[in-house]
Amino acid sequence: MSAGTPVVEAYGARIPLVGLGTWTLRGRDCARLVEQAIRIGYRHIDTAQMYDNEREVGEGVRASGKRGEVFVTTKIIPQNLAPADLIRTTKESLARLRLTDVDLLLIHWPNPRIPLEESIGALCRMKTDGYARHIGVSNFTVALMDEAVALSSEPLVCNQIECHPFLDQSAVIAAAKGHGMAITAYSPIAQGGAKGDAVLTRIGGKYNKSAPQVCLRWL
């Protein structure tokens, strides 16, 4: 990661401030867009088992020639949170990405059918065994985040949540801050819903900014 890249820091993790989400990307378009994004300056690439594009994301990262500068996040699908499944499928994700480790490994969504203690224990093992440099959670409520932190033997560096002006996440953000965790925001412009919003447009007009730019500034 270049010295000038803006980052959010938590427990030794240096998470680039702006990331490329790959939720909707597939196939050759995915690989090409990831490569191009890195070439123009993106240094955080986010994928997941659920997205079915880890192979293509890995291709794009390698094609950029900048793996050492890129922070790669992947996430474990809820069906894979039993310890044996979490361990097995994390290794499968790395094989698809063709990486020896990821910078950040997250539980994508909680699974009430699998004890959180078991999932967190296996997640911690992925860090201590060297498959993930950092670990965290995604889509966790305040209560679940509190529980996860209490159960974890390793620092949880972030909670990745949907976050934009149309969704009040102040309680989750405050709780994460209390634990020393970062927040990673997905859908920060409400999946395009910010464009044309009258209030955001009016605010942006005062500063010569677009409605989506107001969203990003708000974060």
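Below, the structure is looked at part by part. (Residues numbered from 1 in each chain as written. Predicted model: local features only at pLDDT ≥ 70, side-chain atom pairs only at ≥ 80, totals over all residues. Heavy atoms only, no water.)

**Points about the layout of surface pockets**
What the largest pocket holds in volume is close to 1,200 Å³. Around the largest pocket, the lining is made up of 38 residues, and of these Thr184, Ala185, Tyr186, Ser187 and Pro188 lie nearest the centre. Listing elements by their share of the lining of the largest pocket, those giving two or more residues are β2 (13-16), β3 (20-21), β4 (44-46), α6 (170-178), β9 (182-186) and α8 (211-218). It is β9 that contributes the most residues to the lining of the largest pocket, five residues altogether. Per-class residue counts for the lining of the largest pocket are 23 nonpolar, twelve polar and three charged. (1 Å grid on protein atoms, 1.4 Å probe; cavity = no way out; pocket = protein on both sides within 12 Å on 5 of 7 lines; lining within 4 Å. Points joined across faces, edges and corners; volume = space filled by probe spheres on them. Helix = DSSP H or I, 4+ residues; strand = E, 2+ residues; numbered from the N terminus. Nonpolar A, V, L, I, M, F, W, Y, C, P; charged D, E, K, R; others polar.)

**Considering the side chain of Arg43**
By the element assignment, Arg43 lies in the loop between α1 (27-39) and β4. On the basis of relative accessible area, Arg43 is assigned to the buried category, the value being 9%. In this structure the side chain of Arg43 is engaged in a polar contact, spanning 2.7 Å, whose partner is the backbone oxygen of Ile38. If we ignore the near neighbours within four places in the chain, the residues touching Arg43 are Thr5, Pro16, Ile38, Lys66, Glu69, Val70 and Phe71. (Buried < 20%, exposed > 50% of the residue type's maximum accessible area, 1.4 Å probe, protein only. Polar contact = N/O pair within 3.5 Å; in protein donor to acceptor, adjacent residues only side chain to side chain. Contact = heavy atoms within 4.5 Å.)

**Some remarks on the nonpolar core**
Among the nonpolar cores identified, the biggest contains 41 residues, and Val34, Leu105 and Leu123 are the most heavily contacted of them. In terms of residue count, the dominant contributor to this core is helix α4 (residues 116-128) (six residues). Excluding its chain neighbours within four sequence positions, the residues that come into contact with Leu123 are Ile76, Leu86, Leu105, Ile107, Ile135, Gly136 and Leu156. Counting residues in hydrophobic clusters, the runner-up holds nine residues, among them Ala10, Ile15, Phe71 and Leu106. (Core = buried A, V, L, I, M, F, W, Y, C linked by side-chain atoms within 4.5 Å.)

**Here's the deal with helix α2 (residues 54-64)**
All of the buried residues in α2 are Glu54, Glu56, Val57, Gly58, Gly60, Val61 and Ser64. For α2, the elements touching its buried residues are α1, β4, β5 (71-76) and α3 (83-97). Just downstream of α2, Gly65 is the residue with a positive phi angle, here 75°.

**Topic: the pattern of salt bridges**
In the structure shown here, the tally under the stated rule is 15 salt bridges. Of the charged contacts in the structure, one is a salt bridge between Asp46 and Lys75, with a shortest N-O distance of 2.5 Å. Placement of the pair is Asp46 in strand β4 and Lys75 in strand β5, with a sequence separation of 29 residues. Exposure class is identical for Asp46 and Lys75. Each is buried. As a salt-bridge pair, Asp101 and Arg133 come within 3.3 Å of each other at their nearest N and O atoms. On the criterion of sequence distance, the pair formed by Asp101 in the loop between α3 and β6 (102-107) and Arg133 in strand β7 (residues 132-138) is long-range, its members being 32 residues apart. Each of Arg67, Asp101, Asp103 and Arg133 takes part in a single network of salt bridges with overlapping partners. (Salt bridge = Lys/Arg side-chain N within 4 Å of Asp/Glu carboxyl O.)

**Quick word on the pairing of β7**
With respect to burial, β7 is a largely interior element, six of its seven residues being buried. Of the pairings in the sheet, the one linking β6 to β7 comprises five bridges and is parallel in character. Paired with Leu104 across the bridge in β7 is His134. As a crossover connection, the stretch from β6 through α4 into β7 is right-handed. Relative to strand β8 (residues 156-162), β7 runs parallel, the two sharing three bridges. Residue pairing for β8: Val137 is matched across the bridge by Asn159. In this region the chain leaves β7, passes through helix α5 (residues 142-151) and returns to the parallel neighbour β8; the handedness of that crossover is right-handed. (Pairing = 2+ DSSP bridges. Right-handed = clockwise from strand over helix to strand, strands pointing away.)

**Some points on the environment of Leu99**
Mapped onto the fold, Leu99 is located in the loop between α3 and β6. Separated by 38 residues in sequence, Leu99 and Val61 place their C-alpha atoms 9.8 Å apart. If sequence neighbours within four positions are ignored, Leu99 has contacts with Arg67, Val72 and Leu94.

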